[in-house]
Amino acid sequence: MGFVFGQWIMHKVLLVVLMVVYSGFSSNVVSSIVEARPEVVNIGALLSLDSSIGKVAKVAIEAAVEDVNRNQSVLGTTKMQLTMRDTNYSGYMSMLEALSLMGSEVVAIIGPQFSVTAHFLSHIANELRVPLLSFAATDPTLSSLQYPFFVRTTHSDIFQMAAIADIVDYYGWRAVTAIYVDDDHGRNGIAALEDKLAERRCKISYKAPFSPNVNQPSEISDVLYKVLKQARHMEMMSAEYVWIVTDWLSAKIDTNSPLATEDMDDIQGVITLRMHTPNTKEKSKFVSGWSNLASRKAAGGTFGLNSYGLYAYDTVWLLAYAIDAFLNQKGNLSFSYDPGLSELQRKNLHADALRIFDGGNLLLKSILQVNFTGVTGSIKFSDENLIHPAYEVINVIGTVFRRIGYWSNHSGLSVEIPEEIYKKTPSNPNSRQQLYSVIWPGQTVVKPRGWVFAHNGRRLRIGVPNRVFYHEFVSVEANNMFSGYCIDVFTAALNLLSYAVPFDFVAFGDGHNNPNTTELLRLISVGVFDAAIGDISITTDRARMVDFTQPYIESGLVVVAPVRKLNSSAWAFLRPFTPMMWLVTAVFFLVTGVVIWILEHRINGDFRGPPRRQIVTILWFSFSTLFFSHKEKTMSTLGRLVLIIWLFVVLVLNSSYIASLTSILTVEQLSSSIKGIESLVSSNDPIGYQRGSFAGRYLVNEYKIDKSRLIPLNSADDCSKALQDGPQKGGVAAVVDERAYIELFLSSQCEFSIVGQEFSKNGWGFVCVSLNPSTRNFSNIGFTSFLEYLVKN
């Protein structure tokens, strides 16, 4: 009994001991589970703290880290520990500071600030698997598959360039001059702009790069600002100039506002962009508290908040949400040695501090899957870019910005807020492009042409045929002055363009003989001339050499020949009908009278009697039907039917006769032995044509007329004399030329006239060479398109 009780006591004690041990074990397990989530996560930041963007971002990032650590709903008890390094505008320093941060085992780096730096730091990030989250590096090429660990937490310049291209296209400009910093960021941005302009049939006509190290500026935006100041000094901020500036200007003004009056005067009329962020409660709260944040955290005094500061703030929250998702997936915060660095270590480069972030791939995936609403609106990635890229289009007026509209990749240019448009059914962006009015440089509301060409720029060489006659169309004076109808048409078309076109007219021909137009077109095709204007006919052969505009004069070939007047006389009443027609008409009268007599004389007493009386009755009845005055009645049905038909024929004859006689007596009648091109071809008479015209070759090729019959004529006087002399005196039977010339010729030559019909369909057009022969389209280019083509090519 005692033994049993003792055993029971031992079991109880053992049970208590086991319970204590078990409790201790459970406590350790719970403690180990709690401690599995780290207390601190190290993150880094690379900024140039003296820049407009850098100093704003520093305050925003530090404020965001404090807000995240204060809000346990994101990371719980885990705190973000920020290490910030100043790169001081140096790519070299950026690389060293980045290596230093990665050596301190940070899981991600916010930055770098500049795109040029981001390119080479991304290679290091790829190797060490440390994500780079940049709120300011906007180079479009950073989005390539080459840089998987670079995450842009702002909008790519590809969208900003699309906005600029839409603005250029909206105002009808077709070529721009690009001024940019000659570094990777500047060159890649201009390449993106060039692509976007090409989609809208626009182009960059001239690129003006400048060194990013001019006078060792403290900030690239300062250099660009100096460009505008210099432009004002050179009077390039006056009327007829347009300046479209990327969002560095709005960021600079937002940060340093208000600018001095003198500085604002340098940028009057400029159009600039600003990244658009919706007016959310989070943004309003952050903006309202910005002054206190800046005064508390900035050593150099307060400054304004720009849009990059908003994206910097959201970048920290984005990283916090990603780290939380990473930890929830049991992400590994460990770092391992990179065996690829062993060679560098043997060379005493001290690369042993660099470690590969083992959880880098998982954290990167978590970053790209984050979806939340921050101070900049909805933060979500699509194809590694933030969704809903949008910009405000701003006009600098006085001391303030004036928003004239918005741009988004959903709607293009619009005066509606992008968030409202996103709620609507998508439509064609080009169908509703709209902006408010602009105050342009020079304080004008009239849309500028776009630019004024430099005095040393290349001017277009436009050939003009120097013809001997028909100066009403094209005239070249002794002092090299050009005038005439064709010149006026060209000038009027030129005035329709929204920008100036520098050109020089160059006379082609010696002024003594008409130039060969085909040779002029050949010189265009080989580059001697850029274009040609004048009385240049559009033909199939010529269209194979060059491109023509749409014809501005319809002018086919016609035949002009001497004519004689048909004078009026006592026998003029016989001229409406030919002798054969008179004879046939008389025969029909007699036949009708005989037929009626045959049908009526058996039953009708009016048609009986002596033979002489019956003959008179037949003649009287037939001719009296002209006036419906016959007294004889028809009694047979068949006779009445014949009479009705005959009366209808008489009515037609009577009407035709009266109309023809009226025309003869009221209109001057001209007559020529040449009736048209057919009678001219069938004869062997000589034919005149204008020297240098295509008419001679056309007659040979199309109508197979022997060249020996064709006589080139050099002037209007030659044409007149040759027609007057005729073939018998060494002249010509007719002249074949274009209707426009002939109508002008006949305005002072009454003894000649156009005979027959126009037998070819041609027109006059302006000429330019086609750079792509496969795309030539005969006579399909409009006047303004022609001029724009010349400027663009």
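Okay, so let's go over this structure. Within any chain, residue numbers begin from 1 and follow the written order of that chain's sequence. Owing to the predicted nature of the model, reporting of local features is limited to residues with pLDDT of at least 70; listing and counting of side-chain atom pairs is limited to 80 or more, with chain, interface and lining totals taken over all residues. The basis for every side-chain value is the complete set of non-hydrogen atoms in the structure, without hydrogens or water.

Details of the overall build of the protein chain
- The helix and strand labels rest on DSSP assignments: H or I over at least four residues marks a helix, E over at least two residues marks a strand, and numbering proceeds from the N terminus. On a plain count of helices and strands, the protein chain comes out with 27 helices and 33 strands.
- Out of the 793 residues in the protein chain, the part that is buried amounts to 48%.
- For the protein chain, the share of sequence-separated contacts (at least 6 apart) that also reach a separation of at least 24 residues comes to 71%.
- Within the structure as shown, the protein chain displays about 39,100 Å² of accessible surface, and the carbon and sulfur contribution to it stands at 56%. Accessible area is worked out with a 1.4 Å probe on protein chains only. A residue is then buried under 20% of its type maximum, exposed over 50%, and partly exposed in between. It only takes one pair of heavy atoms within 4.5 Å for two residues to be counted as in contact. A 1.4 Å probe and the Shrake-Rupley method give the accessible areas. Residues count as covered only by the protein chains that appear here.

Some remarks on the pattern of salt bridges
- By definition here, a salt bridge exists when the distance from a side-chain nitrogen of Lys or Arg to a carboxyl oxygen of Asp or Glu is within 4 Å. Counting across every chain of the model gives 25 salt bridges.
- Across the pair Asp-184 and Arg-187 runs a salt bridge whose closest N-O atoms are separated by 2.7 Å. Of this pair, Asp-184 and Arg-187 are both found in helix 7 (residues 184–199), three residues apart, which corresponds to roughly one turn of the helix.
- Owing to a relative accessible area of 31%, Asp-184 belongs among the partly exposed residues under this scheme.

Some thoughts on the sheet that holds strand 15 (residues 390–397)
- By this definition, two strands are paired if DSSP reports at least two bridges between them. On the basis of which strands lie adjacent, the open sheet formed by five strands has the order 8-9-15-16-17 and mixed pairing. Each edge of the open sheet carries a strand with a single partner, namely strand 8 (244–245) and strand 17 (412–414).
- For strand 15 and strand 16 (residues 400–408), the ladder comprises eight bridges, and the chain directions are antiparallel. Bridge assignment links Ile-397 to a residue of strand 16, and that residue is Val-400.

Regarding the side chain of Ser-555
- Mapped onto the secondary structure, Ser-555 falls in the loop between strand 24 (553–554) and strand 25 (557–562).
- In this structure Ser-555 comes out as buried when scored by relative accessible area, which is 0%.
- We define a polar contact as two N or O atoms separated by no more than 3.5 Å, with the added condition that, inside protein, one atom must be a possible hydrogen donor and the other a possible acceptor, whereas residues neighbouring each other in sequence contribute only through side-chain atom pairs. A distance of 3.4 Å separates the side chain of Ser-555 from the backbone nitrogen of Arg-739, its partner in a polar contact.

Focus: the sheet that holds strand 23 (residues 547–548)
- Reading across the sheet, the five strands line up as 21-18-22-33-23 and stay open at both edges, with mixed pairing between neighbours. Two strands close off the open sheet at either side, each with one partner strand: strand 21 (503–508) and strand 23.
- As paired elements, strand 18 (residues 460–465) and strand 21 share six bridges and run parallel to each other. In the strand pairing of strand 21, Val-464 is matched with Ala-507.
- Running at roughly 165° to strand 21, helix 17 (residues 485–495) makes contact with strand 18 and strand 21 of the sheet. Convention adopted: a line fitted to C-alpha atoms gives each axis, helices being fitted over their contacting stretch, and angles between N-to-C directions are expressed from 0 to 180 degrees.

Observations concerning the packing of aromatic side chains
- By convention, a stacked pair of Phe, Tyr or Trp rings (six-membered ring in the case of Trp) has centres within 6.5 Å and planes under 30 degrees apart, an edge-to-face pair has planes over 60 apart, and any other such pair is tilted. Evaluated as defined, the whole model comprises 34 aromatic pairs.
- A ring pair is formed by Tyr-171 and Trp-440, whose centres lie 5.0 Å apart and whose planes are at 80°; its orientation type is edge-to-face. Of the two residues, Tyr-171 sits in the loop between helix 6 (157–170) and strand 6 (175–181) while Trp-440 sits in the loop between helix 16 (418–422) and strand 18, which places them 269 residues apart along the sequence.
- When the ring of Phe-469 is compared with that of Tyr-470, the centres are 4.4 Å apart and the planes differ by 45°; the resulting orientation is tilted. The same class applies to Phe-469 as to Tyr-470, namely buried.
- Aromatic ring contacts, followed pair by pair, group Phe-482, Tyr-485, Phe-490, Phe-503, Phe-505, Tyr-552 and Phe-766 into a single cluster.

Regarding the nonpolar core
- As used in this record, nonpolar core signifies buried Ala, Val, Leu, Ile, Met, Phe, Trp, Tyr and Cys residues forming a set joined through side-chain atoms within 4.5 Å. Counting residues in each nonpolar core, the largest one holds 108 residues, and the members touching the most others are Met-80, Phe-135, Trp-290 and Ile-323.
- No other element matches the 14 residues that helix 13 (residues 307–328) contributes to this core.
- Listed in part, the 37 residues of the second largest apolar core include Phe-473, Val-489, Val-501 and Ala-531.

Here we look at helix 17
- Within the sequence span of helix 17, burial applies to Cys-486, Ile-487, Val-489, Phe-490, Ala-493 and Leu-494. Summarising the axial view, the buried residues of helix 17 lie within an arc of 160°, below the 170-degree limit, and thus occupy one face. Turned more than 90 degrees away from the buried face of helix 17, the exposed residues are Asp-488 and Asn-495. What the arc covers is the set of directions going from the helix axis to the C-beta atoms.

Concerning the environment of His-119
- Secondary-structure assignment places His-119 in helix 5 (residues 115–128).
- Owing to a relative accessible area of 11%, His-119 belongs among the buried residues under this scheme.
- Separated by 23 residues in the primary sequence, His-119 and Leu-142 place their C-alpha atoms 7.0 Å from one another.
- In this structure the side chain of His-119 is engaged in a polar contact, spanning 2.8 Å, whose partner is the side chain of Asp-139.

Some thoughts on the pairing of strand 30 (residues 734–738)
- Most of strand 30 is tucked away, with five of its five residues classed as buried.
- Of the pairings in the sheet, the one linking strand 25 to strand 30 comprises four bridges and is antiparallel in character. If you follow Leu-557 over to strand 30, its bridge partner there is Glu-738.
- When strand 28 (residues 687–690) meets strand 30, the two strands line up parallel, connected through three bridges. Across the sheet, the residue bridging to Gly-688 is Val-735, located in strand 30.

Things to note about the packing of helix 20 (residues 579–600) against helix 21 (residues 611–624)
- Taken N-terminus to C-terminus, the directions of helix 20 and helix 21 make an angle of 120°; their axes are 8 Å apart at the nearest point. Between helix 20 and helix 21, the angle falls in the class oblique. Of the two elements, helix 20 crosses helix 21, and the hand of that crossing is right-handed. Facing Phe-589, Leu-590, Thr-592, Gly-593, Val-594, Ile-596 and Trp-597 of helix 20, the residues of helix 21 in contact are Gln-614, Ile-618, Leu-619, Phe-621, Ser-622 and Phe-623.
- Residues are grouped as follows: Ala, Val, Leu, Ile, Met, Phe, Trp, Tyr, Cys and Pro are nonpolar; Asp, Glu, Lys and Arg are charged; every other residue, Gly included, is polar. Along the lines of polarity and charge, the residues of the contact of helix 20 with helix 21 split into nine nonpolar, four polar and no charged. When describing relative orientation, an angle under 35 degrees is termed roughly parallel and one over 145 degrees roughly antiparallel, while 65 to 115 degrees is termed roughly perpendicular and anything else oblique. Crossing handedness is read from the near helix: turned anticlockwise from the far helix by less than a right angle, it gives a left-handed crossing, and turned clockwise, a right-handed one.

Let's talk about the environment of Lys-207
- Counting through the fold element by element, Lys-207 comes out in strand 7 (residues 203–210).
- Lys-207 sits 31 residues away from Val-176 along the chain, and the two C-alpha atoms are 8.8 Å apart.
- Filtering out sequence-adjacent residues up to four positions away, Lys-207 remains in contact with Ala-178, Tyr-180, Ile-190 and Glu-194.
- Here the side chain of Lys-207 touches Glu-194 through a polar contact of 3.2 Å, side chain to side chain.

Regarding a nonpolar patch on the surface
- Exposure above 30% relative accessible area and the absence of a salt bridge qualify a residue for a patch, where like charges join within 9 Å and nonpolar side chains (Val, Leu, Ile, Met, Phe, Trp, Tyr) within 5 Å. On the surface, Met-580, Leu-583, Val-584, Val-587, Phe-588, Val-591 and Val-595 cluster together into a nonpolar patch covering about 590 Å² of accessible area.
- Mapped onto the fold, Phe-588 is located in helix 20.

Remarks on the packing of helix 5 against helix 7
- Running from amino to carboxyl end, helix 5 crosses helix 7 at an angle of 100°, the nearest separation of the two axes being 7 Å. The angle between the axes of helix 5 and helix 7 places the two elements in the roughly perpendicular class. Across the interface between the two elements, Ser-115, Val-116 and His-119 from helix 5 touch Asp-184, His-185 and Asn-188 from helix 7.
- Tallied by class, residues from the contact of helix 5 with helix 7 come to one nonpolar, four polar and one charged.

Keep in mind these numbers describe shape, not what the thing actually does.
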